[in-house]
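Take a look at the letters that make up each chain.
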Amino acid sequence: MARSSPALDDTLELLKPFGPVHARAMFGGWGLFQAGLMFGLILDERLYLKTDDTSRAAFEAAGGEPFVYDGGKGRPVTLSYWTPPAEAADDAHALLPWVRRAAEAALRVASQKAARKTVRRPKRA
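Residues numbered from 1 in each chain as written. Predicted model: local features only at pLDDT ≥ 70, side-chain atom pairs only at ≥ 80, totals over all residues. Heavy atoms only, no water.

Undergrad: Looking at this structure, I do not really get a negative patch on the surface. What am I missing?
TA: A cluster of acidic side chains, namely D9, D10, D44, E45, D90 and D91, defines a negative patch on the protein surface. Considering the arrangement of structural elements, one finds D44 in the loop between β3 (37-43) and β4 (46-50). By relative accessible area, which is 74% here, D44 ends up exposed. (Patch = residues over 30% accessible without salt bridge, like charges linked within 9 Å, V, L, I, M, F, W, Y side chains within 5 Å. Areas by Shrake-Rupley, 256 points an atom, 1.4 Å probe, with all protein chains shown as cover. Salt bridge = Lys/Arg side-chain N within 4 Å of Asp/Glu carboxyl O. Lys, Arg positive; Asp, Glu negative; His and termini not counted. Charge placed at Lys NZ, Arg CZ, Asp CG, Glu CD. Helix = DSSP H or I, 4+ residues; strand = E, 2+ residues; numbered from the N terminus. Buried < 20%, exposed > 50% of the residue type's maximum accessible area, 1.4 Å probe, protein only.)

Written as structure tokens, this is what we have:
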């Protein structure tokens, strides 16, 4: 895999006002991270942002599309990553609110996972 891509370079430039973001090669594309939380993906030169039950409807209403891949035997698998609206593709000012939603979703999901880990289960006799 290439060490970079045009979509990655462009996205990192657009995200400069958001603060320090780093990319890591994964899934045949790139994961986007801030403060240790993955909030975005770049796959097939396309940006996808993290969603959850709180934010997904806004992405859908704005015309976003989910990331879907073939899980084998023709079964589509939909991840919780959606494209931002088309008008945000080349405009940092328009993209930042969507990136903030994605970062907030990543934080909520991480908090929920941490809370589940701290719940003690009774020991079986």
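Undergrad: Explain the layout of surface pockets here, please?
TA: To find leftover empty space, one rolls a probe the size of a water molecule over the atoms. In this model, the largest pocket occupies a volume close to 280 Å³. Contributing to the lining of the largest pocket are 17 residues, with E45, R46, L47, P84 and A89 lying nearest its centre. When contributions to the lining of the largest pocket are tallied by element, the ones reaching two or more residues are α1 (6-14) and β4. Of the pockets and cavities examined, the second largest pocket occupies roughly 170 Å³. As for the second largest pocket, its lining consists of L37, M38, K50, Y81, A106, V109, A110 and K113. At the level of secondary structure, the elements contributing two or more residues to the lining of the second largest pocket comprise β3 and α3 (92-118). Taken together, the residues of the lining of the second largest pocket break down into 6 nonpolar, no polar and 2 charged. (1 Å grid on protein atoms, 1.4 Å probe; cavity = no way out; pocket = protein on both sides within 12 Å on 5 of 7 lines; lining within 4 Å. Points joined across faces, edges and corners; volume = space filled by probe spheres on them. Nonpolar A, V, L, I, M, F, W, Y, C, P; charged D, E, K, R; others polar.)

Undergrad: Where do I start with the sheet that holds strand β2 (residues 29-34) in this structure?
TA: Backbone hydrogen bonds hold the strands of a sheet together, and the pairing may be parallel or antiparallel. Here 6 strands make up an open sheet; going across it, the order is β1-β2-β3-β4-β6-β5 and the pairing antiparallel. Each having just a single partner strand, β1 (22-26) and β5 (66-70) make up the two edges of the open sheet. Sheet twist, expressed as the average angle between the axes of neighbouring strands with direction ignored, equals 40°. Bridge analysis of β1 against β2 gives 5 bridges, and the strand direction is antiparallel. The partner of M26 across the bridge, within β2, is G29. Against the sheet, α1 makes contact with β1, β2, β3 and β4, and its axis sits at roughly 15° relative to β2, the strand it touches most. (Pairing = 2+ DSSP bridges. Axes fitted to C-alpha atoms, helices over the stretch in contact; angles between N-to-C directions. Contact = heavy atoms within 4.5 Å.)

Undergrad: Would you take a moment to explain the packing of aromatic side chains for this structure?
TA: Geometry of an aromatic ring pair is reported as the spacing of the ring centres plus the angle between the planes. A full pass over the atoms with the stated rule returns 4 aromatic pairs. Where Y48 meets F67, the ring centres are 5.1 Å apart and the plane angle is 70°; that geometry is what we call edge-to-face. Placement of Y48 in strand β4 and of F67 in strand β5 is noted, with a sequence separation of 19 residues between them. A single burial state applies to Y48 and to F67, both of which are buried. The structure contains a cluster of three or more aromatic residues connected by ring pairs, namely Y48, F67 and Y69. One cation-aromatic arrangement involves R101 over W98; the distance from NZ or CZ to the ring centre is 4.2 Å. (Phe/Tyr/Trp six-rings, centres within 6.5 Å; stacked < 30°, edge-to-face > 60°. Lys NZ or Arg CZ within 6 Å of the ring centre and 35° of its normal.)

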